[in-house]
Amino acid sequence: MPGLVRSLDLLSFAFGFFLLIPPSLCAIYTNIADLPQTNFDFIVIGGGLAGNVIANRLTENAKVSVLVLEAGGSDQGILDVQVPWLSPLLEGSAYDWNYTTIPQPGANNRVIGYSRGFILGGCTSLNRLIYTRGSADDYDRFARVSQDPGWSWDSLQPYIQKTERWVPPADGHDTTGQFDPSVHGFNGINSVSLPGYPQAIDNMVIQTTVELADEFPFNQDINSGNPLGLGWTQLSVGNGQRSSSSTSYLGPQFINRPNLSVLLHAHVTRILPSSTTAGNNPIFQTVEFAQSNKGARHNITVSKEVILSAGSIATPQILMNSGIGDQSELEPLGIQTYVNIPDVGKNLSDQVSMSLTYFANSSQTWDDINRNTTLRNGLIAAWKKTHQGPLVDITNNHLAFVRIPNSDPIFEQNTDPSSGPRAAHFQFRIQVAVSTSGNYFSLGLSMNTPESRGSISLKTSNPFDPPLIDVGLLTTNFDIAAARQCVRTAQRFITAPVWKNYVLGPINTFPNTTTDAELDQYIRAHATQTGHAVGTSSMSPKGANYGVVDPDLVVKGASGLRIIDASVMPFVPCANIQAAVYLIAERGADLVKSTWGI
């Protein structure tokens, strides 16, 4: 995908860069002076995936007032956000926080870019739209480690129904056999669908499940709780356009609620304690924020709770700037410690990603969308009129999820870090590659069950300075061995007879690797992260002296402060994570409601 980003980079200026919005748009404001009130029951920090779910669900009760503070700007009228195919243009754009990691020893000390959504909708306005829940074992492990059965797969099933609105694909084709209706919700809020435009390789991909059925069996629905096998990609798309937490949970039918306000360009600097409980736990009910780096700091105090939903990078950063974290790390920066929680920012878990690209013996790839301006302009014009055509999708119509066999020698020296027998150690996207010349076919790989751990820490006490991001890429023996297995498995995929006259050969150096050491060298030189960071505010059993939040997502040793976002997951699911975060946010909203009798 980096080739696509580079080759299309200039297009974001040519096609619907963005529309200016007025200071007030329904309940969305760009200046604190325009807020209709400053007294709120709840403040939600972060207008991303989880934050918008929380805001929607709490304001279902007309007596409950909610303010959402979002550091980025509006998502309205931005073509690159709306059109699924154009999503790679958003990386490195003005809608991206444009973070970078610290040098990664496991990846030849490379500094790696780390995209996060700097826009209403957060990463759901920026991501590649893949909607995968992972394995039932992932959620059952959440329940075990938190000692809360409410986080189990079975217990979360009602939230699938609440969040998901399954819709027909953009082209309206017959989807019989491409998904299992019994495992989906049809009356929820966030649109989910199958690919809406056929690819020339679709039949070859399905034929591979026949020719190599033992290793790549067909899976009718990868979101059933057992993702193993190869199935049709599911996307957060409705009517041929992106469905984000902003377009869905803050959609037209919700945003006009008089008890809901969203303030853009509101960068939260700290959460401040206002008093203490009888047990001397500080009560955090005041949020400090600014609308620019040099701008005035504003304080708003809530009557009930502050809910931190800024994501796995920004949530621990805000906690630490607020004096919630490891005292030994905060004091050297001159930050007063209010709650000493050493695990804040620790336990970061992210997946390992890389691509294998081949020359394709076909002209029916999507490369000409990049190279032919007339074709591209025509497709964009057609999408604007009909929301149909190839731009309604991303580059892959299929995903394969693979588990390393229990008998594999990798487990003779390594403990399996996966959540259970239904969890995939890796996945790959089977896709037509997109480049500036030639015709290509690509396998986008992801090692989904990393053992390595990284961290988020502060470089300075200035909340406008980016944090230090260490994704801990490929720092354990298991991770490099599993990444090697992932590459070898992907190579076996294209040995199916159906690919014989289609895949001509690789375009880079990996086929010259004849030993494990050579392949490891290739992996360390090319691997990157997936942007699926979790764990930096991990949940643990109530009363445990480790972790950051209790199973009800309340911050340990504090009152009035709850975290609801990807950072509370103690392990990364064996999938892209947006579906899991929707479930966490939906249950999190119910936990808040239960606390306050809403």
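1. Side note on the confidence of the model for the chain
Logical step 1: Across the chain, the average pLDDT comes to 93, with 94% of residues at or above 70.
Logical step 2: The low-confidence segment residues 1–25 (pLDDT under 50) makes 49 contacts with residues lying over four places distant or belonging to another chain.

2. What about a nonpolar patch on the surface?
Logical step 1: A contiguous nonpolar surface patch, about 280 Å² in accessible area, is contributed by Phe-359, Leu-504 and Ile-507.
Logical step 2: Here Phe-359 is to be found in strand 18 (residues 352–360).
Logical step 3: Residue Phe-359 is classed as partly exposed on the basis of its relative accessible area, which comes to 37%.

3. Focus on the packing of aromatic side chains
Logical step 1: Applying the stated criterion across every chain yields a total of 18 aromatic pairs.
Logical step 2: Taking 5.3 Å as the distance between ring centres and 40° as the angle between the ring planes, the aromatic pair formed by Phe-359 and Tyr-440 counts as tilted. In this pair, Phe-359 sits in strand 18 while Tyr-440 sits in strand 21 (residues 440–447), placing the two residues 81 residues apart along the sequence.
Logical step 3: Through successive ring pairs, a cluster of aromatic residues spans Phe-216, Tyr-358, Phe-428, Phe-441, Phe-493, Trp-499 and Tyr-502.

4. A word on helix 17 (residues 578–596)
Logical step 1: Between its first and last C-alpha, helix 17 extends 27 Å over 19 residues, near the 27 Å set by a 1.5 Å rise per residue.
Logical step 2: For helix 17, a buried count of 15 out of 19 residues is recorded, marking the element as mostly surrounded by other parts of the structure.
Logical step 3: Positive phi appears at Gly-597, one or two residues downstream of helix 17, with a value of about 60°.

5. Notes on helix 10 (residues 311–321)
Logical step 1: Most of helix 10 sits inside the fold, with 11 of its 11 residues counted as buried.
Logical step 2: Of the positions making up helix 10, those classed as buried are Gly-311, Ser-312, Ile-313, Ala-314, Thr-315, Pro-316, Gln-317, Ile-318, Leu-319, Met-320 and Asn-321.

6. Description of the nonpolar core
Logical step 1: Ranked by internal contacts, the top residues of the largest apolar core, which has 157 residues, are Ile-430, Phe-441, Leu-443, Trp-499 and Ile-523.
Logical step 2: Element by element, the count of residues in this core is highest for helix 17, at 10 residues.
Logical step 3: Setting aside anything within four residues of it in sequence, one finds Leu-443 in contact with Met-354, Ser-355, Leu-356, Tyr-358, Phe-428, Arg-429, Ile-430, Ala-490, Phe-493 and Ile-494.

7. Brief notes about the packing of helix 15 (residues 477–493) against helix 16 (residues 516–526)
Logical step 1: It is the contact of helix 15 with helix 16, at a shortest axis distance of 10 Å, that shows an interaxial angle of 95°. Relative to helix 16, the element helix 15 lies roughly perpendicular. In this structure, helix 15 contributes Ile-480, Ala-483, Arg-484, Val-487 and Arg-488 to the contact, and helix 16 contributes Asp-516, Leu-519, Asp-520, Ile-523 and Arg-524.
Logical step 2: Looking at the contact of helix 15 with helix 16, its residues break down into five nonpolar, no polar and five charged.

8. Some thoughts on the pairing of strand 12 (residues 260–263)
Logical step 1: The two faces of strand 12 match: Leu-260 and Val-262 on one face and Ser-261 and Leu-263 on the other face are all buried.
Logical step 2: Looking at chain direction, strand 2 (residues 28–29) and strand 12 are connected through two bridges and run parallel. Looking across to strand 12, one finds that Tyr-29 is bridged to Leu-263.
Logical step 3: Examined bridge by bridge, strand 4 (residues 66–69) and strand 12 share four bridges and lie parallel to one another. Within strand 12, the position partnered with Leu-69 by the bridge is Leu-263.

9. With respect to the pattern of salt bridges
Logical step 1: Summed over all chains, the structure comprises 21 salt bridges.
Logical step 2: A salt bridge links Asp-137 to Arg-422; its shortest N-O distance comes to 2.6 Å. Of this pair, Asp-137 sits in helix 5 (residues 136–146) while Arg-422 sits in the loop between helix 14 (410–413) and strand 20 (426–432), placing them 285 residues apart in sequence.
Logical step 3: The class for Arg-422 is partly exposed, based on a relative accessible area of 32%.
Logical step 4: The closest approach of N and O atoms between Glu-288 and Arg-270, which form a salt bridge, is 2.8 Å. Highlighted residues: Glu-288 in strand 14 (residues 282–290) and Arg-270 in strand 13 (residues 267–276), separated in sequence by 18 residues.
Logical step 5: Among the residues examined, Arg-270 registers a relative accessible area of 34% and is labelled partly exposed.
Logical step 6: Counted as one network, the salt bridges with shared partners bring together Arg-57, Glu-60, Lys-162, Glu-586, Asp-590 and Lys-593.

10. Concerning the environment of Val-111
Logical step 1: Within the secondary structure, Val-111 sits in the loop between strand 5 (99–100) and strand 6 (113–114).
Logical step 2: Taking the C-alpha atoms as reference points, Val-111 and Thr-100, 11 residues apart in sequence, are found 6.5 Å from one another.
Logical step 3: What Val-111 contacts, discounting residues up to four positions off in sequence, is Thr-100, Thr-101, Ile-102 and Pro-103.

11. With respect to unusual backbone geometry
Logical step 1: Positive phi is not limited to glycine here, since Asn-239 has a value of about 55°.
Logical step 2: Tracing the backbone through its elements, the reader meets Asn-239 in the loop between strand 10 (237–238) and strand 11 (241–242).
Logical step 3: Since its relative accessible area comes to 52%, Asn-239 is described here as exposed.
Logical step 4: Phi is positive for Leu-474, which is not a glycine, with a value near 55°.
Logical step 5: With respect to the helices, strands and loops of the structure, Leu-474 is situated in the loop between strand 23 (468–470) and helix 15.

12. Section: the pairing of strand 3 (residues 40–45)
Logical step 1: Most of strand 3 sits inside the fold, with six of its six residues counted as buried.
Logical step 2: The pairing of strand 3 with strand 15 (residues 297–308) spans five bridges and is classified as parallel. Paired with Ile-43 across the two strands is Val-306, which belongs to strand 15.
Logical step 3: Pairing of strand 3 with strand 4, which is carried by four bridges, proceeds in the parallel orientation. Paired with Ile-43 across the bridge in strand 4 is Leu-67.
Logical step 4: Crossover connection from strand 3 via helix 3 (residues 49–58) to parallel strand 4: handedness right-handed.

Procedures and definitions
Residues numbered from 1 in each chain as written. Predicted model: local features only at pLDDT ≥ 70, side-chain atom pairs only at ≥ 80, totals over all residues. Heavy atoms only, no water. pLDDT = per-residue confidence, 0-100. Contact = heavy atoms within 4.5 Å. Patch = residues over 30% accessible without salt bridge, like charges linked within 9 Å, V, L, I, M, F, W, Y side chains within 5 Å. Areas by Shrake-Rupley, 256 points an atom, 1.4 Å probe, with all protein chains shown as cover. Salt bridge = Lys/Arg side-chain N within 4 Å of Asp/Glu carboxyl O. Helix = DSSP H or I, 4+ residues; strand = E, 2+ residues; numbered from the N terminus. Buried < 20%, exposed > 50% of the residue type's maximum accessible area, 1.4 Å probe, protein only. Phe/Tyr/Trp six-rings, centres within 6.5 Å; stacked < 30°, edge-to-face > 60°. Expected span 1.5 Å × (residues − 1). Core = buried A, V, L, I, M, F, W, Y, C linked by side-chain atoms within 4.5 Å. Axes fitted to C-alpha atoms, helices over the stretch in contact; angles between N-to-C directions. Parallel < 35°, antiparallel > 145°, perpendicular 65-115°, else oblique. Nonpolar A, V, L, I, M, F, W, Y, C, P; charged D, E, K, R; others polar. Pairing = 2+ DSSP bridges. Right-handed = clockwise from strand over helix to strand, strands pointing away.

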